[in-house]
Amino acid sequence: LVQSSFFLPGIASPAPAAPLALSPSDRTLLGRGQIVFKAELPQAPGAPVGNGGTAVALLQADPEEVWRILTDFGHYAGLFPRLKESEMVEQAGGRALVRFRVAVGPFSFRFFVTHIVSWAERRIRWQLDRSQSNDLFRDTWGYWQLDPVGSDSVLVTYAMGSRTLLPSRLTRGSERDSVVETLAALKTRVEHTPARPEGR
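These figures come from a predicted structure and were not determined experimentally.

(A) Layout of the packing of aromatic side chains. Inspection of the entire model under this criterion finds nine aromatic pairs. A ring pair is formed by Tyr-76 and Phe-100, whose centres lie 6.2 Å apart and whose planes are at 25 degrees; its orientation type is stacked. Residue Tyr-76 is found in the loop between helix H2 (63-70) and strand E3 (83-92), and its partner Phe-100 is found in strand E4 (residues 95-104); the two are separated by 24 residues along the sequence. For the pair shown, Tyr-76 and Phe-100 are each scored as buried. Among the aromatic residues, those joined into a cluster by ring pairs are Phe-73, Tyr-76, Phe-80, Phe-100, Phe-111, Trp-126, Trp-144 and Tyr-158. A cation over a ring is seen here: Arg-122 above Trp-119, with NZ or CZ 5.1 Å from the ring centre.

So this is what it looks like as C-alpha cells:
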C-alpha cells in the first residue's frame, strides 16, 4: 500500500482546479446511490483539449478499503472499460509506473501511465508517460479523490481526460461513458470485496 507523497521532477501531475460544484439535486442523487457526471475535464500541464469528464459517487464503504483497491495497480483489469491487463513496472515512494493493455474490437493497445499517490491528500494523480512507447493515446490524465463521510462511507471523485490518435468526435461519447462505467465498476468491486479483519 502506497501512502506517501512523491514529487517527480519533470512531471507536473494533474489536479482539480477547485472542488467540484454539486447542486442540491446532485446531492440528492448521490444520497440515492447514483453516480453524478459532469463534463468538466481535470486540469493538466498545457491544459490540453480532450474528451472525458468527471464522475462522483457516494460509496458505503471504509475509505481505507477503497484506497487499497485504487492503489492495487496490478489488479485494475475489470475496473476500466476494455482494460485487459495492468502491470506494475516501477514503484518508488509515491510514484508508480503502470503498463496497461486495452482491447478495442480485434485490436490491442499498450500504454504507460505514471501515478503520483498521496494518502495525505487522499488523491491519486496520473498522466501518460510520454517517455515510453504508447499506442492509441496521444495523452491521458486525471485523478481519483477520496473524501470520507463519517467512518463507513466515502465520496469518490474520478476525473479523466484523454486524446487519442482517432478524431475527437469519434471517441467523445464512449470516453464520457467510460468515466461513469469506471466509477460504477469501483462501486461493484467495493461492495463485493470482503472487509479485512481488524489488525491486518
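(B) Seen up close, the pairing of E3. Bridge count for E3 against E4 is eight bridges, and the pairing is antiparallel. Its bridge partner lying in E4, Glu-87 is registered against Arg-99. Connecting E3 to the next strand, E4, in antiparallel fashion are two residues, including Gly-93 with a positive phi near 60 degrees.

(C) Local environment of the sheet that holds strand E5 (residues 107-118). If you walk across this open sheet you meet the eight strands as E1-E2-E8-E7-E6-E5-E4-E3, and the pairing is antiparallel. The sheet terminates laterally at strand E1 (36-38) and E3, the two strands that pair on one side only. For this sheet the average axis-to-axis angle between neighbouring strands, irrespective of direction, equals 20 degrees. Strand direction decides the pairing type here: strand E6 (residues 123-128) and strand E7 (residues 137-148), joined by five bridges, are antiparallel. Bridging from a neighbouring strand, Arg-125 pairs with Tyr-143 of E7. Contacts between helix H1 (residues 24-31) and the sheet are confined to E1, strand E2 (51-59) and strand E8 (154-164), with E1 contributing the most and set at about 140 degrees to the helix. Taken strand by strand, H2 contacts E2, E5, E6, E7 and E8, and its axis lies near 165 degrees from that of E7.

Basis of the calculations
- Residues numbered from 1 in each chain as written.
- Predicted model: local features only at pLDDT ≥ 70, side-chain atom pairs only at ≥ 80, totals over all residues.
- Heavy atoms only, no water.
- Phe/Tyr/Trp six-rings, centres within 6.5 Å; stacked < 30°, edge-to-face > 60°.
- Helix = DSSP H or I, 4+ residues; strand = E, 2+ residues; numbered from the N terminus.
- Buried < 20%, exposed > 50% of the residue type's maximum accessible area, 1.4 Å probe, protein only.
- Lys NZ or Arg CZ within 6 Å of the ring centre and 35° of its normal.
- Pairing = 2+ DSSP bridges.
- Axes fitted to C-alpha atoms, helices over the stretch in contact; angles between N-to-C directions.
- Contact = heavy atoms within 4.5 Å.

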